[in-house]
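Listed below, chain by chain, are the residues.
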Amino acid sequence: MSISIDNMTSILNNKISQAENASRTSGLERTLSADMSQASDEELMGVCKEFEAYFMEQVLKEMEKTIPNNDEGDASMSQLTDYYKGQMMQKLAGEIAEETGNSLAQQLYEQMKRNYGL
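Scope of this entry: the structure provided in the associated data block. Bear in mind that the values here come from a model prediction, so they are computed numbers and not experimental data.

## A closer look at helix α4 (residues 104–116)
Compared with an ideal rise of 1.5 Å per residue, which puts 13 residues at 18 Å, α4 spans 18 Å between its outermost C-alpha atoms and is within 8% of the ideal. Positioned one or two residues after α4, Gly117 has a phi angle of 65°, which is positive.

## Overview of the packing of aromatic side chains
A full pass over the atoms with the stated rule returns two aromatic pairs. With a centroid separation of 5.1 Å and an interplanar angle of 80°, the aromatic rings of Tyr83 and Tyr84 are classed as edge-to-face. The exposure class assigned to Tyr83 is partly exposed, which follows from its relative accessible area of 34%. In this structure Tyr84 comes out as exposed when scored by relative accessible area, which is 52%.

## Focus on the nonpolar core
Leu44, Met45, Cys48, Ala105 and Tyr109 together form the largest nonpolar core, which totals five residues. Elements that contribute at least two residues to this core include exactly α2 (41–65) and α4. The leading source of residues in this core is α2, at three residues. Dropping the residues within four chain positions of it, Ala105 is found in contact with Met45, Cys48, Lys49 and Glu52.

## Some points on α2
Taking 1.5 Å as the rise per residue, α2 with 25 residues should run 36 Å; its terminal C-alpha atoms sit 36 Å apart, in good agreement. Along α2, the residues that are buried comprise Leu44, Met45, Val47, Cys48, Glu52, Ala53, Met56, Glu57, Leu60 and Lys61.

## As for the environment of Lys49
Looking at the element boundaries, Lys49 is found in helix α2. Along the chain, Lys49 and Glu98 lie 49 residues apart, while their C-alpha atoms are 7.1 Å from each other. The residues contacting Lys49, other than those within four sequence positions of it, are Ala97, Glu98 and Ala105.

## Details of the packing of α2 against α4
What describes two packed helices is the angle between their axes and the distance between those same axes. At a closest axis distance of 8 Å, the pairing of α2 and α4 adopts a crossing angle of 135°. Judged by the angle between their axes, α2 and α4 are oblique. Here the hand of the crossing between α2 and α4 comes out right-handed. Across the interface between the two elements, Asp41, Leu44, Met45, Cys48, Lys49, Phe51, Glu52 and Phe55 of α2 pack against Leu104, Ala105, Gln106, Leu108, Tyr109, Met112 and Lys113 of α4. Broken down by class, the residue content of the contact of α2 with α4 amounts to ten nonpolar, one polar and four charged.

About the thresholds
Residues numbered from 1 in each chain as written. Predicted model: local features only at pLDDT ≥ 70, side-chain atom pairs only at ≥ 80, totals over all residues. Heavy atoms only, no water. Helix = DSSP H or I, 4+ residues; strand = E, 2+ residues; numbered from the N terminus. Expected span 1.5 Å × (residues − 1). Phe/Tyr/Trp six-rings, centres within 6.5 Å; stacked < 30°, edge-to-face > 60°. Buried < 20%, exposed > 50% of the residue type's maximum accessible area, 1.4 Å probe, protein only. Core = buried A, V, L, I, M, F, W, Y, C linked by side-chain atoms within 4.5 Å. Contact = heavy atoms within 4.5 Å. Axes fitted to C-alpha atoms, helices over the stretch in contact; angles between N-to-C directions. Parallel < 35°, antiparallel > 145°, perpendicular 65-115°, else oblique. Left-handed = near helix turned anticlockwise from the far one by under 90°. Nonpolar A, V, L, I, M, F, W, Y, C, P; charged D, E, K, R; others polar.

Written as structure tokens, this is what we have:
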């Protein structure tokens, strides 16, 4: 059984993507599970914005799955495109979270302040 360079690149890029997602998810889980009772308003809002950015990234990734694939081209170029698409979605999600007016982050922040007396 032989493995081509394209297959190896595909496997490597897939593992890198999984590691990045796991790292980001575990960092968010640590932040959310931390005791925020002594957090400043800025820290609390930062956590809420981080959650909103992660949520928006997941929404964008699911939306992208609805677009039909064009299977033309070689596998290495496809993997490179997928990598940069993922990076672009992460950046776009962060910008959406920062620029929206009455955002999910603001609503989460207000709910936490009201319910937990933070």
